[in-house]
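Results of the structural survey
Below are the chains, spelled out letter by letter.
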Amino acid sequence: MADSIEAAAAPRRIRTSGDREVGAYLEIAEAREPGHVFHPAPNAPETVVVLDYGGQYAMLIARRVREAGVYSELVPWNTPPERLDHLRTKAFILSGGPASVYEPGAPTLPDYVIASGLPVLGICYGMQLLAHTLGGRVAPTATREYGHAVIRVADSSSPLLRGLPSTLPVWMSHGDHVVELPPGFHAIAQSDSSPVSVMGDAAGHLGIQFHPEVVHTPQGEQLLRNFLFEVSGCAGDWTAANFVEESIRTIRERVGTGRVICALSGGVDSAVAATLVHRAIGDQLTCIFVDNGLLRAEEPERVIATFSQHMAMNLLHVDATERFLATLAGVTNPEEKRLRIGTTFIRVFEAEARALGRVDFICQGTTYPDVIESASAEGSAAAKIKTHHNVGGLPPDMQFTLIEPLRHLFKDEVRRVGHELGLPDEMVYRQPFPGPGLAIRVIGEVTREKLDVLRAADWIVMDEIKRAALYYDLWQSFAVLTNTRTVGVQGDFRTYGHCIALRCVTAEDAMTADWARIPYDVLSRISTRVVNEVPDVNRVVYDITSKPPGTIEWE
C-alpha cells in the first residue's frame, strides 16, 4: 500500500480490507433539468454506479469496487438519471435484494441503464432483473441455494472469468433463478441447482447468481476486478493523492472569494475536511470548535492544543455548555436528542458567523456512513437507522451553503486521505467520537450529574484500553451510562447505583461491526476501577452485540 506507515514510526494501524490506496472526490454539482444527456463534471473520476435493490451486501459491493482503485457510489435503484449527471460513469452494478422480479410492485431496472450502452453486472436479484427486463424468464427454484455452492465454467473465454479456475466455490443466497435466457445471452457457468449461474451477451451485460462481494466467495475479488478492468475498461487510478488534488481544485472554484467556517470537533473527519478547505482557500476559512458540554474528560483542552500545534489556521473556541444542556433538558428520545443537538450547533455557528461578518459556507466532516444511516426509507433501499446530527439533524432554514468534501468516503478512506495530507497519527488514527457526544451515551435524560459519572467511567475505560495496547486494534471503545439502577454491596452496605455498559467493537467502516474479544484481565481491571473510583456506580456489564442487529452506539 502506497501510504503504509512503518511500525516503528507509528502505532499499529486499524486493518483495512483493500490493498490499494483510495480516495474520493468532492461532489458539488447542481441538479439539472430533466431531459438532458449526461455531462460529467470536469475532472470527475471514472465511476461505477451500484444500484441498491435492498440487498444486505449492497454496501460491500461499493467497497470492493473502491478497493480496486475505482470510485463507486451506492444509490437507490430508482435514482433519476439527473442525480448521476455529474459522474463519469463507466459501468453499472445491480445489487441483490429480497424481492422476486415477477411479483407486482417489484423494483425495476431504470431505462437509462441499458440505454447508456455501458457494461452492466447484475448480482443475484440484479441478474434476475436483467434477464427479466431483457426478455428472459425467471422462476422459483425447486431447491433453494443458501450458502456454499460450486459453479462450473462453461465458457472460459468470457472476460468476466478470465484467469479463474474451471470450478469456483461461491456464496449463494437465492430462491429464484433464470430458466430462460434473454435473446442474445448465453450461459457462462452453472451449478447443480442453477443451470444459469453466470450469463452474458456481447454488449457487456452480465449476470451472476452468487455474491462475489463477500469473503465466502474466495475468487470474488478477482471476478469484480475482471468486470472493472477487462469488461468496463476502468483505469483503476482513484487514489488519495488524486482525491486531494481534485478536492482542493473544486473547493477553490466553488468558494471563490467567499468565506467559510468549519465545524471542528477534533476527530479525523472534521480535521481532514478542514485541512482540505484550508489548502484550497487559506485564511478565508475560520474553524470553530464548540464545547457543547457533551465531550469527554479533558477533550476541549486536548483538541485546542492539538490543532494549535499541527494546524496553522484560524481557530475560535466557543463554550456553549449551558445552551446545549438547556436544550436537552427533559429530552429522553434519542432521535430528538440528535435533532436538537444538530439545530443548536447550527445556531451557535450562525451567531459566531455574524460576529465574523459575512460567511457564505459551512464545512462539515460528514462521511458516507452518516449519509447512509440517515437516509429516509421513502424512495430509498436504505432504511433510516438513525439521524446523524450533521445530516438529518440540520435545520431547514440554515443560513449557510454546505461543503462536505468527505460525504462519499468511508472512515478508512478518510484516514488514508488524512495521511496523504500529512496529518499526525494521533489525529488520523483517533477512534471515532459521535458528534452528539456523550448525549447519546447517557441513556434517558441528559443532566450535568450523569455526564460527570459517565466522563469518569469513560476515562478509566480509555486508560485501560491504551495501557493494554488495544487502542489501535479497536474501532471504538467507550462507556455507556444506562438508565438501569442495580442493587449492590459496597463496604458491607447495600447500594442502589448506576450500571455502566462497556462497548468495544472492531470494524472497517462502521456499517458493520463485531464486538471485540477483550482479554478477561483487561475487562476485570476496568470493572474493578469503575466501581471503586466512580461514585454511585456498582455494576459494569460488557455489550457483546454485533452490528447488525445492534448499532455501535446505544442511541
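Our subject is the structure that appears above.
Residue positions are given per chain, counted from 1 along the sequence in the order it is written. Reporting of local features is limited, given that this is a predicted model, to residues whose pLDDT is at least 70; pairs of side-chain atoms are given and counted only at 80 or more, and all residues count toward the totals for whole chains, interfaces and linings. Working from all heavy atoms in the structure, the side-chain values ignore hydrogens and water.

Throughout, nonpolar core names a set of buried Ala, Val, Leu, Ile, Met, Phe, Trp, Tyr and Cys residues whose side chains join them through atoms within 4.5 Å. Burial classes: relative accessible area under 20% of the type maximum marks a residue as buried, over 50% as exposed, and values in between as partly exposed (1.4 Å probe, protein chains only). In terms of nonpolar packing, the biggest core is built from 87 residues, with Val-272, Leu-276, Val-290, Phe-349, Ile-465 and Ile-518 touching the most fellow members. Take this core: its biggest share by element is nine residues, from helix 6 (residues 268-281). In this structure, Val-272 is in contact with Leu-406, Val-414, Val-417, Gly-418, Leu-421 and Leu-423, ignoring residues within four places of it in sequence. By size, the runner-up hydrophobic cluster in this structure holds 38 residues, among which are Val-65, Ile-93, Met-172 and Cys-234. Under the scheme used here, helices are H or I runs from DSSP no shorter than 4 residues and strands are E runs no shorter than 2 residues, and both carry numbers assigned from the N terminus. Only heavy atoms matter for contacts: two residues are in contact if any of them lie within 4.5 Å across the pair.

A word on the pairing of strand 11 (residues 285-291). Along strand 11, seven of the seven residues are buried, which leaves the element largely enclosed by surrounding structure. Where burial is concerned, the two faces of strand 11 agree: the one with Leu-285, Cys-287, Phe-289 and Asp-291 and the one with Thr-286, Ile-288 and Val-290 are both buried. If DSSP finds at least two bridges between two strands, the strands pair. Strand direction decides the pairing type here: strand 10 (residues 260-264) and strand 11, joined by five bridges, are parallel. Counterpart to Ile-261 in the pairing with strand 11 is Thr-286. Remark: the strand 10/helix 6/strand 11 crossover connection has right-handed handedness. Summarising the sheet, strand 11 and strand 12 (residues 314-319) pair through six bridges and their orientation is parallel. Residue Cys-287 lies in a different strand from strand 12, and its bridge partner there is Leu-315. Whether a crossover is right-handed depends on one test, that the path from the first strand over the helix to the second runs clockwise when the strands point away from the viewer. This β-α-β element, strand 11 to helix 7 (residues 299-310) to strand 12, shows right-handed connectivity.

In contact at an axis separation of 8 Å, helix 5 (residues 240-255) and helix 6 are set at 60° when each is read in the N-to-C sense. By the criterion of interaxial angle, the relationship of helix 5 to helix 6 is oblique. Where helix 5 crosses over helix 6, the handedness of that crossing is right-handed. Touching Phe-243, Val-244, Ser-247, Ile-248, Ile-251, Arg-252 and Val-255 of helix 5 are Leu-276, Val-277, Arg-279, Ala-280 and Ile-281, all from helix 6. Side-chain classes are defined by residue name, with Ala, Val, Leu, Ile, Met, Phe, Trp, Tyr, Cys and Pro counting as nonpolar, Asp, Glu, Lys and Arg as charged, and the others, Gly among them, as polar. Looking at the contact of helix 5 with helix 6 residue by residue, the classes come out as nine nonpolar, one polar and two charged. Note on geometry: axes are C-alpha line fits, over the in-contact stretch for helices, and angles between N-to-C directions span 0 to 180 degrees. Angles below 35 degrees are treated as roughly parallel, those above 145 as roughly antiparallel, those between 65 and 115 as roughly perpendicular, and all remaining angles as oblique. For any helix crossing, the convention is left-handed if the near helix is rotated counterclockwise from the far helix by under a right angle, and right-handed if that rotation is clockwise.

Here Asp-458 shows up in helix 13 (residues 448-467). Arg-441 provides the closest opposite charge to the buried, unpaired Asp-458, separated from it by 4.3 Å. The residues touching Asp-458, leaving out its near neighbours within four places in the chain, are Arg-296, Arg-441, Phe-478 and Ala-479. The sign given to each residue is positive for Lys and Arg and negative for Asp and Glu; His and the chain ends receive no count. Within this document, salt bridges are pairs made up of a side-chain nitrogen of Lys or Arg and a carboxyl oxygen of Asp or Glu, the two lying within 4 Å of each other.

Looking now at the state of the cysteines. Criterion for a disulfide: a pair of cysteine sulfur atoms within 2.5 Å. All told, the structure shown has zero disulfides when counted by the stated rule. There is no disulfide at Cys-287, and the cysteine sulfur nearest it, in Cys-262, is 4.6 Å away.

With that out of the way, let us pick up the packing of helix 8 (residues 321-328) against helix 9 (residues 334-356). Two elements in contact, helix 8 and helix 9, have axes whose closest approach is 10 Å; the angle formed by their N-to-C orientations is 145°. Relative to helix 9, the crossing made by helix 8 is right-handed. Of helix 9, the residues touching helix 8 (which contributes Arg-323, Phe-324, Thr-327 and Leu-328) are Lys-337, Arg-340, Ile-341, Thr-344, Phe-345, Arg-347 and Val-348. Residues that form the contact of helix 8 with helix 9 fall into these classes: five nonpolar, two polar and four charged.

Reading across the sheet, the five strands line up as 12-11-10-13-14 and stay open at both edges, with parallel pairing between neighbours. What marks the edges here is a single partner per strand, and that holds for strand 12 and strand 14 (401-403). The mean inter-strand angle of the sheet, taken between neighbouring strand axes irrespective of direction, is 30°. Each of strand 10, strand 11 and strand 12 touches helix 7; the most contacted strand, strand 11, lies at about 160° to it.

So, on to the environment of Gln-364. Turning to its location among the elements, Gln-364 is positioned in the loop between strand 13 (361-363) and helix 10 (368-373). Gln-364 sits in the buried class, given a relative accessible area of 7%. Between the C-alpha atom of Gln-364 and that of Pro-405, which follows or precedes it by 41 residues, the distance is 7.9 Å.

Residue Pro-548 follows Lys-547 across a cis peptide bond; omega there is -10°. Relative to the helices and strands, Pro-548 resides in the segment after strand 18 (537-542). Look at the link from Pro-548 to Pro-549: it is a cis peptide, with omega at 15°. Within the secondary structure, Pro-549 is located in the segment after strand 18.

This paragraph deals with helix 4 (residues 220-231). Given a helix with a known number of residues, its expected span is that number minus one, times 1.5 Å. For helix 4, which comprises 12 residues, the first-to-last C-alpha distance of 15 Å matches the rise-based estimate of 16 Å (1.5 Å per residue) to within 8%. In this structure, the buried residues of helix 4 make contact with strand 1 (46-52), helix 1 (58-67), strand 3 (88-94), strand 4 (120-123) and strand 9 (205-208). Gly-233, located one to two residues past helix 4, shows a positive phi value of around 70°.

Our focus in this paragraph is the packing of aromatic side chains. In summary, the pairing rule links any two rings of Phe, Tyr or Trp, Trp by its six-membered ring, whose centres are within 6.5 Å, and it sorts them by plane angle into stacked for under 30 degrees, edge-to-face for over 60 and tilted for everything else. Tallied over the entire structure, the rule returns eight aromatic pairs. Taken together, a centroid distance of 6.1 Å and an interplanar angle of 55° make the contact between Phe-92 and Tyr-112 tilted. Remark: Tyr-112 occurs in helix 2 (residues 111-115) and Phe-92 occurs in strand 3; sequence separation between them is 20 residues. Taken individually, Phe-92 and Tyr-112 each receive the classification buried, so the pair is uniform in this respect. Centre to centre, the rings of Phe-345 and Phe-349 are 6.0 Å apart; their planes meet at 15°, and the pair counts as stacked. With a gap of four residues between them, Phe-345 and Phe-349 both fall in helix 9, about one helical turn apart.

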